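# Structural overview for review
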Amino acid sequence: MAKLTVNDVDVRGKRVFVRVDYNVPMEEKDGQMVINDATRIKETLPTLELLINKGARIILAAHLGRPKGTREPSMSLRPVAAKLADMIRRPVAFVDDCIGEKVENTAKALKDGDILLLENVRYYNEEEANDAAFAEKLAKVAEIYVNDAFGAAHRAHASTEGVARFVTKRGGKAAAGLLMERELKFLGDELEHPARPFVVILGGAKVSDKIRVIDRLLEKADTILVGGAMAYTFKLAMGYKTGKSLVEPDATQVAVRALAKAAERGVRFLLPTDNVIATPVDTGKVNKKGKPVFEMQNSRLNTAADIPEDAEGFDIGPDTAKRYAEVIRHAKTILWNGPMGMFEDARFAEGTTAVAKAVVDASQQNGAKSIIGGGDSVKALNKAGLGDKVTFMSTGGGASLEFLEGAELPGVAALSNK
Ligand code: AMP
């Protein structure tokens, strides 16, 4: 069912509670918290500008980090209020709480087009517990609810779900913001009836994390290209040797079922035929989490079907990258989730970069619709400087994955229907 959007609601003179994703990376510099990357703030500007133009009185709510119910000063949203004011070129009021009298009084004094940012909702444990009394207190100041925090929509928390329920129970509307609307359009509607060929590129660490997505996409895609460590569990399931590669022996049955389903449905399911491998050597050191630190030595190309016993696969090889690029070149719709290798290390980033370039070429030269399903593939594209050259990059990680699995996200379900 299509959800109401911020465009459909009359907000003039009304107090609108807008849940945004301002969980921005911060760092302490000279005793002050500084925002390292304001992308998430920037992404909310279209919704905020629309609301301002429509004469809404805006009350922004967000979480930052994991303060676990304490008022952790390093996780205050105060610096975000200052940054937002800079970016939107108008004052942004800030209250050091998200519920209570001070919030109510400030909200009451708002004029059309004014903006108020509330303090971190996760300063209260009741937020993540979706506590009804807490949600009601948050909802007290709002006549209309807008959710623009797609990245948090897979969680039924008070500010992502509970408030919407209270607002609608009182007869108010709960609508998707513009960013949320785009997420639902590209990850939802566009993939429901994709232009063909529809090519899905899946990578990342674990098959078990993505099996529900694979299962669903096997019903829609023409071709699935697999890379990342995930590919080695498939290889293991097919009887190949995977050396020290990151595999999930418990997931081989799941991999076998996926391969059988692909064959049954006539979906082309491609796995790497060459790999960049290296020999992990224990340095004797431990990391911050107390885990042993390995050094990847002697990185080299492996063109054999098996991976040597002492080695670990870290990237797809150049032949695989070429083969995948060729498939991508002919695609009309592309969905990409998960890197082709351990791209954080330059020695193992080439496969991911080659795929990123092929996705960009298909979009720019052939008009393919390219949808990047969030998380590390977005990071990889941005790292290659190609982020603005695809059709859509999701802002969600876990939320994108759950949505692609076909799950109804609680934060979306709570919005009013059109
Ligand atoms: P995911 O969150 O499941 O999409 O996984 C992303 C992570 O998988 C990234 O941090 C990659 O470094 C990692 N990754 C991808 N390929 C490999 C590989 N062959 N071996 C180890 N880690 C990998």
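Coordinates for the structure precede this section.
None of these values were measured; they are calculated from a predicted model.

## Some words on the overall build of the chain
Assigned secondary structure in the chain consists of 16 helices and 17 strands. Dimensions of the chain, computed from the C-alpha atoms along their principal axes, are close to 70 × 50 × 35 Å. Scored against the burial criterion, the 418 residues of the chain give a buried share of 52%. When contacts within the chain are restricted to residue pairs at least 6 apart in sequence, those whose partners lie at least 24 apart make up 74%. Carbon and sulfur atoms provide 48% of the accessible area of the chain, an area that totals close to 18,700 Å². Placing the 59 positive and 57 negative side-chain charges of the chain at their respective mean positions leaves the two points 3 Å apart.

## Observations regarding the packing of aromatic side chains
Scanning the entire structure with this criterion turns up 6 aromatic pairs. Plain terms: the ring middles of Phe17 and Tyr145 are 5.9 Å apart, the flat faces sit at 20° to each other, and that makes the pair stacked. Remark: Tyr145 occurs in strand S7 (residues 144-147) and Phe17 occurs in strand S1 (residues 15-19); sequence separation between them is 128 residues. This pair shows no difference in class: Phe17 is buried, exactly as Tyr145 is. Sitting over the face of the ring of Phe186, Lys185 holds its NZ or CZ atom 4.3 Å from the ring centroid.

## Looking at helix H10 (residues 230-237)
Among the 8 residues in H10, 6 count as buried, and that is most of the element. For H10, the complete set of buried residues consists of Met230, Ala231, Tyr232, Thr233, Phe234 and Lys235. In the segment just after H10, Gly239 is the residue with positive phi, at about 95°.

Scoring rules and cut-offs
- Residues numbered from 1 in each chain as written.
- Predicted model: local features only at pLDDT ≥ 70, side-chain atom pairs only at ≥ 80, totals over all residues.
- Heavy atoms only, no water.
- Helix = DSSP H or I, 4+ residues; strand = E, 2+ residues; numbered from the N terminus.
- Buried < 20%, exposed > 50% of the residue type's maximum accessible area, 1.4 Å probe, protein only.
- Contact = heavy atoms within 4.5 Å.
- Areas by Shrake-Rupley, 256 points an atom, 1.4 Å probe, with all protein chains shown as cover.
- Lys, Arg positive; Asp, Glu negative; His and termini not counted.
- Charge placed at Lys NZ, Arg CZ, Asp CG, Glu CD.
- Phe/Tyr/Trp six-rings, centres within 6.5 Å; stacked < 30°, edge-to-face > 60°.
- Lys NZ or Arg CZ within 6 Å of the ring centre and 35° of its normal.

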